[in-house]
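Structural description and commentary
Each chain, letter by letter, is given below.
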Amino acid sequence: MPIPFFRQSISGEKLTVAVSSHSATSSATGIAPGRFKQAFRRYPAGVVVVTADAGLGPVGFTATSLTSLSLDPPLVSFAIGTTTSSWPHVERSATAVVNFLGADQQALATTFATSGIDRFAAPTNWRRLPQGEPVLDGVAGWMRLDIEQLVPAGDHRIVIARVVDSWLDEGRSPLLFHDGSYLAV
C-alpha cells in the first residue's frame, strides 16, 4: 500500500507542497539494503539495552535506535525488528527499561545482541525495579518507560514510550557504535 508523504519547498514568497507516495514494500524507489547499512555504519550512535518482562521472564536486546521525541510529555522511541526473539515480549509489555551502557560495557552489548542465548544468565548481573521491570546492574543509567504506541515501520516496530523514572551516573562515558565497532568517548 503506498504511503503518502509531503514535500515542501519555499522559493521567495511562494510555498509549494507536493504530495507523493512510496510503496512500503518497493525497493525500486529506495537505495539497496547494503548501501543503506553502509550509510548508517558511518553514523555514530549511542548503545543501550532495552529490557522488558511481559510476565514470561525478562527479555532484552541491544539497540542503537533510541531517540528523544518530546520534552513535554517526556517521550522516547526505539525500534525493534519483528523477527527478533524479544519482539513478542515487547509487544505484550506495558513497560520497558532503557539501560544506557558505559564505555566499558562492550561485552554486555554483545551479550544482548547475540541470538539463542540466555542473556540474563551469569555473568549478566541484573535486578528488578520496585515496579517489577528488569534493569541491568552497573550501567551508566536507565530510564523506566510506559509503552504508549507501537508503530509499524517496514520490518520493525517503533516503540513510543513515556519516561516515568530515571537514574544516571553523571561521571560515566557512554558506549558508542560506529562503522561496525564499539567505541568509547
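Keep in mind that this is a model prediction, so the values were computed, not measured.

1. Some details on the overall build of the chain
Along the backbone of the chain there are three helices and 14 strands. A total of 185 residues make up the chain; the buried ones form 31% of that total. Sequence-distant contacts in the chain: of pairs separated by 6 or more residues, those separated by 24 or more amount to 58%.

2. Some details on a nonpolar patch on the surface
Together, Ile31, Phe36, Phe40 and Tyr43 make up an exposed nonpolar region whose accessible area comes to about 480 Å². Turning to its location among the elements, Ile31 is positioned in the loop between strand E2 (14–23) and helix H1 (33–41).

3. Some words on the pattern of salt bridges
Between side chains of opposite charge, a pair can form when the charged atoms approach closely. According to the stated counting rule, one finds five salt bridges in the structure shown. Of the charged contacts, one joins Asp53 and Arg128 as a salt bridge, the two residues approaching to 2.8 Å between their closest N and O atoms. With Asp53 in the loop between strand E4 (48–52) and strand E5 (59–63) and Arg128 in strand E9 (residues 126–128), this pair connects stretches of sequence that are 75 residues apart. Note that Arg162 and Glu148 form a salt bridge whose closest N and O atoms lie 2.7 Å from each other. Of this pair, Arg162 sits in strand E12 (residues 156–168) while Glu148 sits in strand E11 (residues 141–153), placing them 14 residues apart in sequence. Residue Arg162 is classed as partly exposed on the basis of its relative accessible area, which comes to 31%.

4. Brief notes about the sheet that holds strand E8 (residues 95–100)
Within the open sheet, the seven strands sit side by side as E5-E4-E8-E11-E12-E7-E6. Their pairing is antiparallel. Strand pairing shows two members of the sheet lacking a second neighbour, E5 and strand E6 (67–70), which therefore form its edges. Direction aside, neighbouring strands of the sheet carry axes that sit 35° apart on average. With three bridges joining them, E6 and strand E7 (residues 75–81) adopt antiparallel strand pairing. Paired with Thr67 across the strands is Ser77, a residue of E7. Across the sheet, helix H3 (residues 106–113) touches E4 and E5, and the angle it forms with E5 is around 115°.

5. Some remarks on the side chain of Arg119
Counting through the fold element by element, Arg119 comes out in the loop between H3 and E9. Of the side chains bearing the opposite charge, Asp118 lies closest to the buried Arg119, which forms no salt bridge; the N-O distance is 8.0 Å. A distance of 3.5 Å separates the side chain of Arg119 from the side chain of Ser86, its partner in a polar contact. A polar atom in the side chain of Arg119 sits 2.9 Å from the backbone oxygen of Thr114. Not counting residues within four places of it along the chain, the set of residues in contact with Arg119 comprises Gly60, Phe61, Ser85, Ser86, Thr111, Phe112, Thr114 and Thr124.

6. Considering the sheet that holds strand E13 (residues 175–178)
Within the open sheet, the three strands sit side by side as E3-E13-E14. Their pairing is antiparallel. The outermost strands of the open sheet, each flanked by one partner alone, are strand E3 (45–46) and strand E14 (181–184).

7. Some thoughts on the confidence of the model for the chain
Counting all residues, the mean pLDDT for the chain is 86, and 85% of those residues have values of 70 or more. The low-confidence segment residues 1–26 (pLDDT under 50) makes 31 contacts with residues lying over four places distant or belonging to another chain.

8. Let's talk about the nonpolar core
Nonpolar side chains in soluble globular proteins tend to be buried together. Counting 19 residues, the largest nonpolar core has Val50, Phe61 and Leu145 as its most contacted members. Elements represented by at least two residues in this core include exactly E4, E5, E7, helix H2 (87–92), E8, E11 and E12. Those residues within four positions of Val50 in sequence are excluded, and the remaining contacts are Val59, Gly60, Phe61, Ala63, Phe78, Ala96, Val97 and Val98. In terms of nonpolar packing, the next biggest core, distinct from the first, is built from 14 residues, Val47, Leu108, Leu129 and Leu175 among them.

Conventions we followed
Residues numbered from 1 in each chain as written. Predicted model: local features only at pLDDT ≥ 70, side-chain atom pairs only at ≥ 80, totals over all residues. Heavy atoms only, no water. Helix = DSSP H or I, 4+ residues; strand = E, 2+ residues; numbered from the N terminus. Buried < 20%, exposed > 50% of the residue type's maximum accessible area, 1.4 Å probe, protein only. Contact = heavy atoms within 4.5 Å. Patch = residues over 30% accessible without salt bridge, like charges linked within 9 Å, V, L, I, M, F, W, Y side chains within 5 Å. Areas by Shrake-Rupley, 256 points an atom, 1.4 Å probe, with all protein chains shown as cover. Salt bridge = Lys/Arg side-chain N within 4 Å of Asp/Glu carboxyl O. Pairing = 2+ DSSP bridges. Axes fitted to C-alpha atoms, helices over the stretch in contact; angles between N-to-C directions. Lys, Arg positive; Asp, Glu negative; His and termini not counted. Polar contact = N/O pair within 3.5 Å; in protein donor to acceptor, adjacent residues only side chain to side chain. pLDDT = per-residue confidence, 0-100. Core = buried A, V, L, I, M, F, W, Y, C linked by side-chain atoms within 4.5 Å.

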